[in-house]
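One-letter residues, chain by chain:
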Amino acid sequence: MNVETSMCASSDEAKHWDQICWPQHERQVRRLQARIVKATREGRWNKVKALQRLLTHSFSGKALAVKRVTENKGKRTSGVDGVLWSTPTAKLKAIESLQHRGYRPLPLRRVYIPKANGKQRPLGIPAMYDRAMQALHLLALAPIAETTGDPDSYGFRPERSTADAMCQCFTVLSQTQRAPQWILEGDIKGCFDHINHLWMIKNIPMDKTVLRKWLKAGYVDKRTLFPTEAGTPQGGIISPTLANMTLDGLQQLLSKHFPKEKKKDGKRLAPKVKLVRYADDFIISGKSKELLENEVRPLVEQFLHERGLVLSPDKTRITHIDEGFDFLGQNLRKYDGKPLVKPSKKNTHAFLEKIRGLIDKNRSSSQEMLIEILNPVIRGWANYHQHAVASEAFSRVDFEVWRRLWLWAKRRHPNKSSNWVRKRYFHTLGSRQWVFAVETSKRNAKGQPIWKSLARAEATKIRRHIKIRKDANPYDPQWQPYFKERAFRKKFGISREQAGIKPS
């Protein structure tokens, strides 16, 4: 313990923010996180607690926590105190100020963002100091969450994504003979707002005093202070991990009540009741509607009730695989016995509405500026669906975008002919015609003008996604070669061996 204390002591402090050796502090934190993983697997919870305290009191942990909250997207959003850490001096002082003794979090600043169904989602914005404290304790809690979490939970976890969740759905439902035919689509009503505080304090393995203070901090809405009797604030850095750990255990519960079935020859078959979860959205497969309705759903409701949660009656339903279901913006359905994953109609419609809104808001913008606004939106949507059967959807989207841009161009020049508008805004580039493009002032090496053109969804190559291994843990050193290989393949499309790189 003395060795580790000296390793992470404040003697490593730099006099200036720019002098901090970030790789060194990241290595020190990773070492402690690896030890937390090992102790968690061995069930040595006193050792886990000691290592957590060591990490949360170390200079390395505090420095990385401040670095995270001052460099993420919310760095310019303040809490109720209006304080921001925008200068190197303020950041360095923030590291020194992170203390556990006498810590009292400020109330959250309540804001609302619109949801797809027209309702508003409440978010709680912590103060910068509280955000840094959450980021610090998350460094010590995340290794435990990854070690004890459900294997088929993919939301708000490092190295996991919606593509992994959809791959698992496809795997569960693609078996030719024994594939389950019915799906329970589950959605938890106000998950972040209703989690039982007593359950969290009793079951979340972290500093109970700090956790209790966060949960009871309250929030300020229209200059009025409101207490928080349940839930974890949706908007806090540590909140997704707390919610995930609250829902972990459902997969193990289902496996216990619905074990593998036995064949006549003594072999055991995989059960048809399987869970795939992404945050508070999940699906559970089953061999019959009656099984899901009479046995699985009551079991899930009992599991949630213990945590203060209930299923949303509007979004929870049982459907047959031939009808298909929407999950994470995509639709999985069997066509003549073959399961296919496609972009959902609802998701595609929402994307096109967003594109139309951006075009309408930029009626007076230049063509070059409009292209700069639309391109990242189009590429982002296409990249999200590049692992699905999306060619048809991409083609339709490109046509709808083109049609909207044609109306945009015609509206700008009502007294000009269609031929004039086409020559002004749509050009032939290479073998492609009717390209919405504009000539820039830049030139290439041959002195030819460089054109800026609109991105096309159809240009996105459809690529099969390789699902992450269920037991892969990014905080466990033995899995580092796997994640290194996975990152290389994701970036270049080939393995390191195919690229002629010898394993290190």
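Each remark here, short or long, concerns the structure printed above.
What comes next is a walk through the structure.

Quick notes on the rules
- Residues numbered from 1 in each chain as written.
- Predicted model: local features only at pLDDT ≥ 70, side-chain atom pairs only at ≥ 80, totals over all residues.
- Heavy atoms only, no water.
- Axes fitted to C-alpha atoms, helices over the stretch in contact; angles between N-to-C directions.
- Helix = DSSP H or I, 4+ residues; strand = E, 2+ residues; numbered from the N terminus.
- Parallel < 35°, antiparallel > 145°, perpendicular 65-115°, else oblique.
- Left-handed = near helix turned anticlockwise from the far one by under 90°.
- Contact = heavy atoms within 4.5 Å.
- Nonpolar A, V, L, I, M, F, W, Y, C, P; charged D, E, K, R; others polar.
- Pairing = 2+ DSSP bridges.
- Expected span 1.5 Å × (residues − 1).
- Bend = angle between axes of the 7 residues up to and from the residue.
- Buried < 20%, exposed > 50% of the residue type's maximum accessible area, 1.4 Å probe, protein only.
- Salt bridge = Lys/Arg side-chain N within 4 Å of Asp/Glu carboxyl O.
- Lys, Arg positive; Asp, Glu negative; His and termini not counted.
- Core = buried A, V, L, I, M, F, W, Y, C linked by side-chain atoms within 4.5 Å.
- Patch = residues over 30% accessible without salt bridge, like charges linked within 9 Å, V, L, I, M, F, W, Y side chains within 5 Å.
- Areas by Shrake-Rupley, 256 points an atom, 1.4 Å probe, with all protein chains shown as cover.
- Charge placed at Lys NZ, Arg CZ, Asp CG, Glu CD.

**What to know about the packing of helix H12 (residues 250–257) against helix H13 (residues 289–305)**
Reasoning step 1: It is at 11 Å that the axes of H12 and H13 come closest, and there the two elements cross at 140°. With respect to each other, H12 and H13 are oriented oblique. Where H12 crosses over H13, the handedness of that crossing is right-handed. Where H12 abuts H13, its residues Leu250, Leu253, Leu254 and His257 lie against Val296, Leu299, Val300 and Phe303.
Reasoning step 2: Taken together, the residues of the contact of H12 with H13 sort by class into seven nonpolar, one polar and no charged.

**Focus: the sheet that holds strand S3 (residues 182–187)**
Working definition: the strands of a sheet are paired by backbone hydrogen bonds and lie parallel or antiparallel to each other.
Reasoning step 1: In space, the four strands of this open sheet follow the order S8-S9-S3-S10, with antiparallel pairing throughout. In this open sheet, the two edge strands, each paired with only one partner strand, are strand S8 (275–278) and strand S10 (317–320). Strand-to-strand twist of the sheet, defined as the mean angle between neighbouring strand axes without regard to direction, takes the value 20°.

**Overview of H13**
Reasoning step 1: When the terminal C-alpha atoms of H13 are compared, their 23 Å separation across 17 residues agrees well with the 24 Å that a helix rising 1.5 Å per residue should span.
Reasoning step 2: Its axis deflected by about 35° at Val296, H13 carries its strongest bend there, up to four residues before the proline Pro298.
Reasoning step 3: All buried positions along H13 are accounted for by Leu291, Leu292, Val296, Arg297, Leu299, Val300, Phe303 and Leu304.
Reasoning step 4: Buried residues along H13 sit against S3, helix H11 (239–247), H12, strand S9 (281–286) and S10.

**Quick notes on the pattern of salt bridges**
Reasoning step 1: With the rule as written, the count across this model stands at 21 salt bridges.
Reasoning step 2: For Arg160, the salt bridge is made with Glu146, and the minimal N-O distance between the two is 3.5 Å. With Arg160 in the loop between helix H6 (128–148) and helix H7 (162–173) and Glu146 in helix H6, the pair connects residues that are 14 residues apart, well separated along the chain. Note on accessibility: Arg160 and Glu146 belong to one class, buried.
Reasoning step 3: Linking Arg356 and Glu400 is a salt bridge whose minimum nitrogen-to-oxygen distance equals 3.6 Å. Here Arg356, found in helix H14 (residues 345–361), pairs with Glu400, found in helix H16 (residues 391–412); they are 44 residues apart in sequence, far enough to count as distant.
Reasoning step 4: Each of Glu353, Arg356, Glu400 and Arg403 takes part in a single network of salt bridges with overlapping partners.

**Concerning the side chain of Asp280**
Reasoning step 1: Positionally, Asp280 belongs in the loop between S8 and S9.
Reasoning step 2: In this structure, Asp280 is buried with no salt-bridge partner, the nearest side chain bearing the opposite charge being Arg121 at 6.2 Å.

**Notes on the nonpolar core**
Reasoning step 1: Ile204, Leu254, Ile284 and Val296 are the most contacted members of the largest nonpolar core, which totals 73 residues.
Reasoning step 2: The leading source of residues in this core is H6, at eleven residues.
Reasoning step 3: Aside from chain neighbours lying at most four places away, what touches Val296 is Leu184, Leu254, Phe258, Val273, Ile284 and Leu291.
Reasoning step 4: Core analysis: the next-biggest nonpolar cluster, separate from the first, contains 29 residues, Ala390, Leu405, Tyr425 and Val438 among them.

**Considerations on a positive patch on the surface**
Reasoning step 1: Side chains of Lys119, Arg121, Lys189, Lys315 and Lys346 sit close together on the surface and give a patch of like positive charge.
Reasoning step 2: Positionally, Arg121 belongs in strand S2 (residues 120–125).

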